[in-house]
Amino acid sequence: MAIEVRIPTILRTYTDGAKAVEGNGSNLGELFTDLDARHPGIAARLVDGGELRRFVNVYLNDEDVRFLEGISTTLADGDSVTILPAVAGGAR
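Since we're looking at a predicted model, the values are computed, not measured. (Residues numbered from 1 in each chain as written. Predicted model: local features only at pLDDT ≥ 70, side-chain atom pairs only at ≥ 80, totals over all residues. Heavy atoms only, no water.)

J.: Would you mind going over the sheet that holds strand β6 (residues 63-64) with me for this structure?
T.: For sheets, the rule is that strands pair by backbone hydrogen bonds, running either parallel or antiparallel. Spatially, the five strands line up as an open sheet ordered β2-β1-β7-β5-β6, and their pairing is mixed. The two strands at the open ends of the sheet, each matched to only one other strand, are β2 (20-23) and β6. Pairing of strand β1 (residues 3-6) with strand β7 (residues 80-85), which is carried by three bridges, proceeds in the parallel orientation. Bridged to V5 within β7 is V81. Together, β1, β2, β5 (56-60) and β7 form the strand contacts of helix α1 (residues 28-38), whose direction differs from that of β2 by roughly 110 degrees. (Pairing = 2+ DSSP bridges. Helix = DSSP H or I, 4+ residues; strand = E, 2+ residues; numbered from the N terminus. Contact = heavy atoms within 4.5 Å. Axes fitted to C-alpha atoms, helices over the stretch in contact; angles between N-to-C directions.)

J.: How do you make sense of the nonpolar core when you look at a structure like this?
T.: Generally speaking, a soluble globular protein has its nonpolar side chains buried in company with each other. Among the nonpolar cores identified, the biggest contains 20 residues, and V5, L28, L31, F32, V58, V81 and I83 are the most heavily contacted of them. Going through the elements one at a time, β1, α1, α2 (42-46), β5 and β7 are the ones with two or more residues in this core. If one sorts the elements of this core by residue count, α1 sits on top with four residues. With sequence-adjacent residues up to four places away left out, L31 is seen in contact with I3, V5, G23, N24, G25, L75 and V81. (Core = buried A, V, L, I, M, F, W, Y, C linked by side-chain atoms within 4.5 Å. Buried < 20%, exposed > 50% of the residue type's maximum accessible area, 1.4 Å probe, protein only.)

J.: Would you mind going over unusual backbone geometry with me for this structure?
T.: Trans is the common state for peptide bonds, and a negative phi is the common state for residues other than glycine. We note that N61 has phi near 50 degrees; this positive angle belongs to a residue other than glycine. Within the secondary structure, N61 is located in the loop between β5 and β6. The class for N61 is partly exposed, based on a relative accessible area of 41%. At D62, a position not held by glycine, the phi torsion is positive, near 75 degrees.

J.: Help me understand the environment of T73 in this model?
T.: Along the chain, the position of T73 falls in the loop between β6 and β7. Look at T73 and you get buried, because its relative accessible area is 4%. Apart from residues no more than four positions distant in its own chain, T73 is found in contact with S26, N27, L28, L60, V65 and L68. Side-chain polar atoms of T73 contact the backbone oxygen of G70, separated by 2.6 Å. (Polar contact = N/O pair within 3.5 Å; in protein donor to acceptor, adjacent residues only side chain to side chain.)

What follows is the structure, encoded as structure tokens:
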């Protein structure tokens, strides 16, 4: 099954600059494993100890996966996954 994954600028060094890549998996964890096989090193930036990293937000078809099943969220052919690093800071 093909799933479109939108890659943030900060992680595009792993995808040779591609803004979006395709991946496969029946859930988010499998998708990240597949992505890491195609783009070595990217999974370590997304997952730590079998869970999503604290400052990484992942959306499945515009819905935050933390409110679904996290890394176990089921995927279907044609789904779109967006990875967004959390941004911190503010005005001084």
